[in-house]
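Structural overview
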Amino acid sequence: MIGKSITIRLFILVLICCFLQGCTRNDVLDSKNPVTLTLWHNYGGVMQSAMDQLVDNFNSTVGKEKGIIVTITSINSSSALNDKIIAAATKDPGAPELPNITTCYPAIAVHLAEKDLLIDFYDYFSDTELSEYVEDFIREGVIDQQLRVFPVAKSTEVLFLNQTLFDRFSEQTGVSIEQLSTFEGICRTAKIYYEWTDASTPDTPGNGKAFFAIDSLFNFFQVGMEQLGQSFTQDQALVTAGNIYQHIHDTLFEPAVQGGYAIYNGYSTDLSKTGDIVCSTGSTAGILFYGDKIVYPDNTSETVEYSVFPYPVFQGGEKIAVQRGNGMTVIRSSEKEEYASVEFIKWFTRAEQNLRFVMETGYLPVTKTAFDQILEGTANHIENVNIQKLLSTAIKMQHEYRFLIPPTFNTYDQLRREFEDQYRTILKTSRDLYIEKSKSTDRNTAFQEVKAGQGS
Amino acid sequence: MRKTRTFSLKKRLIALLLLFLVTVMLCVTLVLYITGVFNVGKNINKMLFKRELLLASRNINDHFGKLTIRSISMSKKVTELLEKQLNERHLQPIDLQDRPEVLHELLSATFDPLIEGLRSSVCTGVFLILDATVNPCLENAEFSKAGLYFKNTEPNAVDVNNKNIRYMRGPAELARKEGLTMLPQWTMEFDVNDADYFNTPVQTAKKGDLSLSQLYYWCLQSSVDGYNTSMFCSVPLIASDGSVLGTVGFETDQLLFKYNYAPDNSAQSRIFCMLSFQDSDHIEDYDMGNAMFAGNYSFNDKIPKETARIHHTKSNLNRYTSDKETVFLGLHCPIRIDADNPYYKQGQWVVAVLAPEEDVKGFNSEQNQRIISVLVVLTACFAAISFLFSNKYYKPIRQAVNTLESKPNTPVEKTGISEIDRLVEVVSKQNQPVKNKKLQGQDTPVINIGMFETFLQNTKTLSTAEKAVYDLYMKGLTANEIADSLHLSINTIKTHTKRIYGKLNVSSRRELLLYAQMMENYIK
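These remarks concern the structure in this document. (Residues numbered from 1 in each chain as written. Chains lettered and ligands numbered in written order. Predicted model: local features only at pLDDT ≥ 70, side-chain atom pairs only at ≥ 80, totals over all residues. Heavy atoms only, no water.)

When helices and strands are counted, chain A shows 18 helices and 17 strands. Considering only C-alpha atoms, chain A reaches an extent of 115 × 45 × 45 Å along its principal axes. Nonlocal contacts in chain A, meaning residues at least 24 apart in sequence, comprise 74% of its contacts between residues at least 6 apart. Just so you have it, chain A exposes about 19,800 Å², and 51% of that area is on carbon and sulfur atoms. For chain A, the distance from the average site of its 38 positive side-chain charges to the average site of its 57 negative ones is 4 Å. (Helix = DSSP H or I, 4+ residues; strand = E, 2+ residues; numbered from the N terminus. Contact = heavy atoms within 4.5 Å. Areas by Shrake-Rupley, 256 points an atom, 1.4 Å probe, with all protein chains shown as cover. Lys, Arg positive; Asp, Glu negative; His and termini not counted. Charge placed at Lys NZ, Arg CZ, Asp CG, Glu CD.)

The following block contains the structure:
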């Protein structure tokens, strides 16, 4: 009787243990009934193939084992994707449904977080797991103390230089590459370059070429002010007054109006392809857009070499660069889909996959292990020479620079767009006015009149 | 004496039931085999491949058919536009190659219809290639052609806007004017050295004897960006004076093909779809080296990039074998997208749905394994049931025999089996002693073998003194004679006698003498 009683109790205990075991998240997934996840991302062009292969690799290995299938249903540029996400989140007419996973900037994720559409990654990652990632990258994705955007591919801004064109220019003018380490130096160099190119066509005065272009005017001001000790944003508004702002404005306004800087509402890589600029500041993620030749309007072409330098610093300023790049967010859905989405992201950001993605795209790694491997020389095995150069510079900046994490209040993105549109309009208008005035007066006078007219 | 092998009733019973079971299972297996149940995996596979092939071929046919119609329509529109632009400049179509300075303006004029064509078609790119170059003085200028190429990064989107469109070929100032982002692979003009999508339709159009509906041309070639394989549909631009201005058309790249035509891989994880051109002289070959692929990318690298030989089978899937001994199983069928043009390569486009042979066979085995597993489990269950039943029927027989042996006079419990109960009854009767039958008119006990055996056992319980008396009784002495012999009183002998009778379960001297007689016979 006693033996029977013990047996029954043991049996009940085993049943309870089995039940509790069944309550773990691992049992949410079932390899025989896989869950299908939808993914949107902005890794287009050459990166698209790398992303596709990684996703397929996941589906045929870990995904197959755990019962997860990831399907890419949209690939688009960052700005188009941002619009699509917002439209889907606000359920605009004709907008698609939000996917399970999407790449997203924190500034966009804020809108989704407000509607409680995103999971909190802190619920899915242990402290040990999170410690494998670069802390700043994790911090960037935190919104209201919840980790909403998980880092997958980060970037910063650097200086891209057409070394071939610069060497030719430097040889004839004596300008040294050290000039390009500061924005003031770039400003001076741009004027010399404009004059030098203008002089090459003596029959056509005033058709000198631009030396420098800036991909993000907003970042130029945001980072510039931070380098000089002041924040560009205050109380969710922009600081567009004061000596520091004025200095940064002057460094940009004069060469832009006089032709040394290109005023372009697009990526500077477009201008570099035709030799219309010599250098530019832009995201490290743009490296693959720099080819190995430039094509002139008469269809002649020239093989060129690019160099990658750390982001310039204003004189007397601190070495600061912006931390860019988006991450992945997981949209709230069922427990199974959320868990599966996180499993995919964990796999995707593991050092092995992260490095592979980095080596094919030029993005920066997000795990400490991956960074170390690059430092140890994995960078030498990268086939693309430009990516090699880029990663070397990025690693150097990692050690010497402080990285600015943009704020994440919900009007930030709107402020950014408005500032860029308005400032670019001012530059364009001023430039057109300067060209007009230059026909009847000397350039210096023309510029002073334009400057005075802008109330600068 | 030779020992004969005996099989107990229990073993015979089990053997009989097992034999019956095996016979039944063999019959079931035979029936399953004859009715084709073991082919269920093959049949499912064939249905799966047929379904996926039908779906893919129909959709591809439909998709590419629409692109053909749009390409022809766009060719007419663009030709009209170009002629109008040339007329405005007092130029003839035939002057195109001699007036490179107007090329960029002409291209600019075609921007809207090309973008409109791109937006309204499910494709990844639209192109216009003029048979002229901006700089005829350059080296290899004969292969450099001015043109435009726009790429759609979201071909499946309902609403395509400029943010989705990238600029791959054309004058840089046009991209900047229209606010289009240039792709990394941008160059200003097309290199048509190996561009079949330009050379073939243009050269054929120059022969001058075919209409546009016969001149559209589908080809599979490396994509313009160089990273992919693409299907191009191109239609020549034929001006009113008969001169060929160039070509225009749509591109569908590998990625879009994969998104739209990857087969359902829930049953076969490595199933894939291919589109390839089959030369009419090689209808038993399938060119896997130059094909569009829709399947898992991680598997794409494992497909040999060469021609596979097709081996048809009547009842099953076809086999596609390459020189590298990789074997695929699947089905294929032609689709009709090519123009009826005697100058183009003769053959047909073929859609195939394939999977590695080991996967297909593995699936078949898996299905059969389930059936076999069920049969094995059933066999094991039936064997266990056989054992239990045989044990159940044997048990009462065993109990009855045991009872007969150990307790001969004890009534045996009925087994419920009439034959066994009758047998037990007969044996029991034979073992029962006949009561009080008299010898010489007197009562004579009848002793059976069981009683004798018991008697023998009981003799061992006699004490030494009792044994001495018992031995003399066995010799036939009377009680007085035993008393004299052992120098004991008659009363002592009577006491011993009483105890002996009690221990040996006899009731008289006569009975004791009967046992003595039996013992004598036993010893002999």
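Alright, that's what it looks like, and here's the rest.
Further remarks concern the overall build of chain B. Secondary structure summary: chain B contains 16 helices and 17 strands in total. Whereas a compact globule of 524 residues would reach a radius of gyration of roughly 24 Å, chain B reaches 52 Å, over 25% beyond that. In terms of its C-alpha atoms, chain B occupies a principal-axis envelope of roughly 170 × 40 × 40 Å. Looking at the 524 residues of chain B, the share that counts as buried comes to 47%. Residue pairs in contact within chain B that sit at least 24 positions apart in sequence constitute 62% of those at least 6 positions apart. Within the structure as shown, chain B displays about 28,000 Å² of accessible surface, and the carbon and sulfur contribution to it stands at 54%. Distance between charge centres in chain B, computed from 60 positive and 56 negative side chains, equals 23 Å. (Rg over C-alpha atoms; globule rule 2.2 N^0.38 Å. Buried < 20%, exposed > 50% of the residue type's maximum accessible area, 1.4 Å probe, protein only.)

Attention shifts here to the environment of B:G117. Residues and elements named next belong to chain B. By secondary structure assignment, the location of G117 is in helix 4 (residues 111-119). Looking at G117, the relative accessible area reads 11%, which means it is buried. Residues G117 and M74 lie 43 residues apart in sequence; the distance between their C-alpha atoms is 7.2 Å. Not counting residues up to four positions away in its chain, the partners in contact with G117 are M74 and F250.

One recurring pattern in soluble globular proteins is that nonpolar side chains are buried together. If you look at the biggest cluster of nonpolar residues, it comprises 117 residues, and the most contacted ones within it are A:F211 and A:F344. Per-element accounting of this core gives the leading share, seven residues, to helix 13 (residues 335-348) of chain A. The contact partners of A:F211, leaving out residues within four places of it in the chain, are A:F166, A:F169, A:L180, A:I186, A:T189, A:A190, A:Y193, A:G260, A:I277, A:V278 and A:C279. Core analysis: the second largest hydrophobic core is formed by 73 residues, B:L96, B:V102, B:F257 and B:L275 among them. (Core = buried A, V, L, I, M, F, W, Y, C linked by side-chain atoms within 4.5 Å.)

Quick look at helix 17 (residues 412-438) of chain A now. All names here are of chain A. Taking 1.5 Å per residue, 27 residues should reach 39 Å; helix 17 reaches 38 Å between its end C-alpha atoms and fits that length. Among all positions of helix 17, only Y412, D413, L415, F419, E420, Y423, R424, L427, S430, R431 and Y434 are buried. The secondary structure elements touched by the buried residues of helix 17 are helix 5 (106-114), helix 9 (183-199), helix 10 (217-227), strand 10 (237-238), helix 11 (243-258) and helix 18 (443-454). (Expected span 1.5 Å × (residues − 1).)

Moving on to the sheet that holds strand 13 (residues 318-321) of chain B. All names here are of chain B. Strand order in the open sheet formed by seven strands is 10-12-13-14-15-9-11, and the pairing between neighbours is antiparallel. Strands at the two margins of the open sheet, each flanked by one partner only, are strand 10 (285-287) and strand 11 (291-294). Averaged over all pairs of adjacent strands, the angle between their axes in this sheet comes to 35°, without regard to strand direction. For strand 14 (residues 327-335) and strand 15 (residues 347-356), the ladder comprises eight bridges, and the chain directions are antiparallel. Bridge pairing in strand 15 links G330 to L354. The strands touched by helix 2 (residues 40-88) are strand 9 (272-279), strand 14 and strand 15; relative to strand 14, the strand with the most contacts, the crossing angle is about 40°. The strands touched by helix 10 (residues 357-406) within the sheet are strand 13, strand 14 and strand 15, with strand 15 carrying the most contacts at an inclination of about 55°. (Pairing = 2+ DSSP bridges. Axes fitted to C-alpha atoms, helices over the stretch in contact; angles between N-to-C directions.)

Attention shifts here to the packing of aromatic side chains. The full count for this structure, using the stated rule, is 54 aromatic pairs over all chains. A centroid spacing of 4.4 Å and a plane angle of 15° characterise the contact between A:F125 and A:F150, whose relative ring orientation is stacked. You can see A:F125 sitting in the loop between helix 5 and helix 6 (127-130) and its partner A:F150 sitting in strand 6 (residues 150-151), a full 25 residues away along the chain. Here A:F125 falls in the buried class, since its relative accessible area comes to 6%. Sitting above the plane of the B:Y343 ring, B:K207 keeps its charged end 5.1 Å from the centroid. (Phe/Tyr/Trp six-rings, centres within 6.5 Å; stacked < 30°, edge-to-face > 60°. Lys NZ or Arg CZ within 6 Å of the ring centre and 35° of its normal.)

Our next topic: the interface of chain A and chain B. Listed as interface residues are 35 residues of chain A and, on the opposing side, 32 residues of chain B. A combined buried area of about 2,600 Å² lies between chain A and chain B, and 54% of that area is made up of carbon and sulfur atoms. Inspection of the region where chain A meets chain B yields two salt bridges. The partner of B:R176 in a salt bridge is A:D276, with the nearest N and O atoms 2.8 Å apart. In this assembly, chain A and chain B are joined by nine residue pairs in polar contact (both at pLDDT 80 or more). Listed by contribution, the elements that provide at least two residues to the side of chain A that touches chain B are helix 2 (46-60), strand 2 (68-75), helix 4 (78-89), helix 12 (268-272) and strand 12 (293-295) of chain A. For the side of chain A that touches chain B, the leading source of residues is helix 2 of chain A, giving eight residues. (Buried area = accessible area lost by both parts, 1.4 Å probe. Salt bridge = Lys/Arg side-chain N within 4 Å of Asp/Glu carboxyl O. Polar contact = N/O pair within 3.5 Å; in protein donor to acceptor, adjacent residues only side chain to side chain.)

Residue and element names in this part refer to chain B. Of the two faces of strand 11, the one holding A291 and F293 and the one holding M292 and A294 are both buried throughout. Judged from the four bridges that link them, strand 9 and strand 11 form a sheet pairing that is antiparallel. Of the residues in strand 11, the one forming a bridge with C273 is A294.

Next up on the list: the environment of B:N152. Residue and element names in this part refer to chain B. Relative to the helices and strands, N152 is located in strand 2 (residues 144-152). When its relative accessible area of 2% is taken as the criterion, N152 is described as buried. Along the backbone, N152 and K11 are 141 residues apart, and their C-alpha atoms lie at a distance of 80 Å.

What follows is about a nonpolar patch on the surface. Nonpolar side chains collect at one region of the surface, where B:V374, B:L378, B:F382, B:I385, B:F389 and B:Y393 lie side by side and expose about 530 Å² of accessible area between them. Among the secondary structure elements, B:V374 is positioned in helix 10. (Patch = residues over 30% accessible without salt bridge, like charges linked within 9 Å, V, L, I, M, F, W, Y side chains within 5 Å.)

This part covers the pairing of strand 7 (residues 229-238) of chain B. Residues and elements named next belong to chain B. Of all ten residues in strand 7, eight are buried; the element is thus mostly enclosed. Examined bridge by bridge, strand 6 (residues 217-222) and strand 7 share six bridges and lie antiparallel to one another. Its bridge partner lying in strand 7, C219 is registered against F232. Between the end of strand 6 and the start of strand 7, which pair antiparallel, lie six residues, with G226 showing a positive phi angle near 85°.

Let's shift gears to helix 8 (residues 163-173) of chain A. Residue and element names in this part refer to chain A. What helix 8 keeps buried is the set Q163, L165, F166 and F169. The buried side chains of helix 8 occupy one side of the element, clustering within an arc of 155° when seen end-on. For helix 8, exposure combined with an orientation more than 90 degrees from the buried face picks out E171 and Q172. Close packing links the buried residues of helix 8 with strand 7 (155-162), helix 9, strand 12, strand 13 (301-303) and strand 14 (306-310). G174 sits one or two positions beyond helix 8 and adopts a positive phi of about 80°. (Arc of directions from axis to C-beta.)

Here the focus is the pattern of salt bridges. Scanning the entire structure with this criterion turns up 41 salt bridges over all chains. A salt bridge links A:D198 to A:R443; its shortest N-O distance comes to 2.7 Å. With A:D198 in helix 9 and A:R443 in helix 18, this residue pair connects regions lying 245 residues apart in the sequence. A salt bridge links B:E251 to B:K151, with the shortest nitrogen-to-oxygen separation between them at 3.8 Å. With a gap of 100 residues between them, B:E251 in strand 8 (residues 244-253) and B:K151 in strand 2 connect regions that are remote in the sequence. In this structure B:E251 comes out as buried when scored by relative accessible area, which is 1%. Residue classification places B:K151 among the buried residues on the basis of a relative accessible area of 11%. A single network of salt bridges, built from pairs that share partners, joins A:D83, A:D413, A:R416 and A:R417.

Attention now goes to the packing of helix 1 (residues 9-34) of chain B against helix 10 of chain B. Residue and element names in this part refer to chain B. As a packed pair, helix 1 and helix 10 sit with axes 9 Å apart at the nearest point and diverge in direction by 155°. If you check the angle between helix 1 and helix 10, you find them roughly antiparallel. In this structure, helix 1 crosses over helix 10, and the sense of that crossing is right-handed. Tallied by class, residues from the contact of helix 1 with helix 10 come to 19 nonpolar, five polar and one charged. (Parallel < 35°, antiparallel > 145°, perpendicular 65-115°, else oblique. Left-handed = near helix turned anticlockwise from the far one by under 90°. Nonpolar A, V, L, I, M, F, W, Y, C, P; charged D, E, K, R; others polar.)

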